[in-house]
Amino acid sequence: MNQPILCDLQPTLIDFRHEVLSGLSLSQKQFPPQFFFHDKYGSDLFTQICKLEEYYITRTEIDILQKNSQEIAAVLGKSCLLIEYGSGSIEKVHPLIEALDSPAAYIPIDIAREHLFTYAELTTSKYPELNVIAVAADYTQKEFRLPNEKLSNLANIENKVILFAGSTLGNLNRIEAIALLRKSAALIEGKGAMLIGIDLKKDPTVLHAAYNDSQGLTAQFNLNILSNINRELDADFDLDNFYHYAPYNPVLGRIELHLISKLSQIVTVSGQQFTFREGESIHSENSHKYSIEDIQELSAEAGFMLKETWVDDHKLFSVNYLEL
Ligand code: AVJ
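Note that the coordinates shown come from a computational prediction; the quantities given were computed from them, not determined experimentally.

Caption draft 1: The arrangement of the overall build of the chain in detail. Of the regular secondary structure elements, the chain holds 11 helices and 15 strands. The globule rule puts the C-alpha radius of gyration for 324 residues at 20 Å, and the 20 Å found for the chain is close to it. Summarising its shape, the C-alpha atoms of the chain cover approximately 65 × 40 × 35 Å along the three principal directions. Looking at the chain alone, contacts between residues at least 24 apart form 70% of all its contacts between residues at least 6 apart.

Structure below.
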């Protein structure tokens, strides 16, 4: 039976304790966006969020990729090396894989080794002809390289394309986003393309509903970070003393997630004390929204050309092909 190749580059996992303590020590307290997925409950909550009517993002991206898979595959061309940041979602990537014309290989890259390998095995068992090279690594790290020794015995590669789905790019600010795109250009050695899912600017009311859902799942998702800190870092956050606040900032074009302190209070984490004033926030995520023009500009800044954009009927979400 065909097996995926597993290439373990031993990514260093984030030091939760260090990240929490340093984030809470800043004058504007903050957490990195990966914290939402720190435990199974957080990941499960996100799965629930994706099923909400109000949270259009995931469903819309899947829809765009499925409806346009033939056209996207034609743009990617024959014998394409499909690299993916994050181990893929079956609904997003498999339709594309099916549409591709004799792909050279599919390379999912993820920091979560177990999850990645399970996904890679599932993909090979579904597509026995496909070369799958799963790379356990942190693609955001400066030092990250493709395992070129594993690629040398592949048939001719006509195009290298990095798939970056889920609007994860939106977590980064403009400077960081450009840096990641430039890094990606270097990864494919100045020749190739990216296929990126990006959430579009739209009526802020729609955005507000997506991040302030009526069932309060996003609020739980945000507050769950505090539960994780309580459990793992011997902390005493009282979840009733914080609330979820997620406004759209039209100047910066982003939804911001915050945890706001309801009162003045002192919280102890791993023996260290942190003071909160009434109304003070911990900034837990940014989710940037772009217009097609913004995407064009961003691409150009990083040395890419926006060649093609696919959107849904309501222009909620976009899938973009950026070429070097
Ligand atoms: C996983 C980064 C796409 O920005 O919509 C959902 C995560 N945060 N609800 C997003 C998220 C709050 C999210 N991404």
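Here the narrative resumes.
Caption draft 2: Main features of the pairing of strand E3 (residues 80–85). Burial of E3 is extensive: 6 of the 6 residues sit out of reach of the surface. Residues Cys-80, Leu-82 and Glu-84 point to one face of E3 and Leu-81, Ile-83 and Tyr-85 to the other, with burial holding for every one of them. Note: E3 against strand E6 (residues 159–164), 5 bridges, orientation parallel. Each residue of the ladder has a partner; that of Leu-81, found in E6, is Lys-160. Looking at chain direction, E3 and strand E4 (residues 105–110) are connected through 5 bridges and run parallel.

Caption draft 3: Representation of the site of the ligand within the structure. Near the ligand the following residues occur: Ile-49, Ile-57, Gly-166, Ser-167, Thr-168, Gly-170, Asn-171, Tyr-211, Thr-218, Glu-285 and Ser-287. For the shell around the ligand, a count of residues per class yields 3 nonpolar, 7 polar and 1 charged.

Caption draft 4: Structural detail: the sheet that holds strand E15 (residues 317–323). Taken in spatial order, the 8 strands line up as E1-E5-E4-E3-E6-E7-E15-E14 in an open sheet, and their pairing is mixed. Unpaired on one side and paired on the other, strand E1 (5–8) and strand E14 (305–311) mark the two borders of the sheet. Averaged over all adjacent pairs, the angle separating strand axes in this sheet is 20 degrees, with direction ignored.

Caption draft 5: Representation of the nonpolar core within the structure. Core analysis: the largest hydrophobic core is formed by 60 residues, its most contacted members being Leu-82, Ile-107, Val-161, Leu-163 and Met-194. If we skip the residues at most four places from it in the chain, Leu-82 touches Leu-100, Pro-103, Tyr-106, Ile-107, Val-161 and Leu-163. Listed in part, the 17 residues of the second largest apolar core include Leu-24, Ile-225, Ala-235 and Leu-259.

Caption draft 6: A look at the environment of Tyr-41. Of note, Tyr-41 is situated in helix H2 (residues 40–50). Separated by 180 residues in the primary sequence, Tyr-41 and Phe-221 have C-alpha atoms spaced 8.5 Å apart.

Caption draft 7: Spatial organisation of the packing of helix H4 (residues 69–76) against helix H5 (residues 90–99). One can describe the packing of H4 onto H5 by two numbers: an axis separation of 8 Å at closest approach and a directional angle of 60 degrees. Here H4 and H5 pass one another in a crossing that is right-handed. Here Ser-69, Gln-70, Ile-72 and Ala-73 of H4 lie close against H5, whose contacting residues are Pro-95, Leu-96 and Ala-99. Across the contact of H4 with H5, the residue classes break down as 5 nonpolar, 2 polar and no charged.

Caption draft 8: Expanded view of helix H9 (residues 204–211). Taken residue by residue, H9 has Leu-207, Ala-210 and Tyr-211 as its buried positions. One side of H9 carries all its buried residues, which in axial view fall inside an arc of 85 degrees. Tucked inside the fold, the buried residues of H9 contact helix H3 (57–67), helix H10 (217–232), strand E9 (248–249) and strand E10 (254–261).

Caption draft 9: Examining the UniProt feature "domain: Histidine-specific methyltransferase SAM-dependent" (unreviewed entry) in the chain more closely. In the numbering adopted here, UniProt assigns the feature "domain: Histidine-specific methyltransferase SAM-dependent" (unreviewed entry) to residues 16–322. Within residues 16–322, the helical portion is 38% and the strand portion 25%, while the C-alpha atoms at the span's ends are 34 Å from each other.

Caption draft 10: Structural view of unusual backbone geometry. A positive phi angle, near 45 degrees, is found at Gln-10, a position not held by glycine. Within the secondary structure layout, Gln-10 lies in the loop between E1 and helix H1 (16–25). Judged by C-beta crowding, with 9 C-beta atoms within 10 Å, Gln-10 ranks as exposed. Positive phi, normally seen in glycine, also occurs at Ser-102, with a value near 35 degrees. Among the structural elements, Ser-102 can be located in the loop between H5 and E4. Classification of Ser-102 as exposed rests on a count of 11 C-beta atoms within 10 Å.

Caption draft 11: Looking closely at the pairing of strand E5 (residues 133–136). The two faces of E5 match: Ile-133 and Val-135 on one face and Ala-134 and Ala-136 on the other face are all buried. Examined bridge by bridge, E1 and E5 share 4 bridges and lie parallel to one another. Across the sheet, Asp-8 pairs through a bridge with Ala-136, a residue of E5. Summarising the sheet, E4 and E5 pair through 2 bridges and their orientation is parallel. Bridge pairing links Ile-109 to Val-135 in E5. With respect to chirality, the unit in which E4 leads through helix H6 (residues 113–126) into the neighbouring parallel E5 is right-handed.

Criteria and thresholds
Residues numbered from 1 in each chain as written. Predicted model: local features only at pLDDT ≥ 70, side-chain atom pairs only at ≥ 80, totals over all residues. Helix = DSSP H or I, 4+ residues; strand = E, 2+ residues; numbered from the N terminus. Rg over C-alpha atoms; globule rule 2.2 N^0.38 Å. Contact = placed C-beta atoms within 7 Å. Buried ≥ 20, exposed ≤ 12 C-beta atoms within 10 Å, placed from the backbone. Pairing = 2+ DSSP bridges. Near = placed C-beta within 6 Å. Nonpolar A, V, L, I, M, F, W, Y, C, P; charged D, E, K, R; others polar. Axes fitted to C-alpha atoms, helices over the stretch in contact; angles between N-to-C directions. Core = buried A, V, L, I, M, F, W, Y, C linked by C-beta atoms within 7 Å. Left-handed = near helix turned anticlockwise from the far one by under 90°. Arc of directions from axis to C-beta. UniProt positions renumbered as here; feature names shortened; annotations may be inferred. Right-handed = clockwise from strand over helix to strand, strands pointing away.

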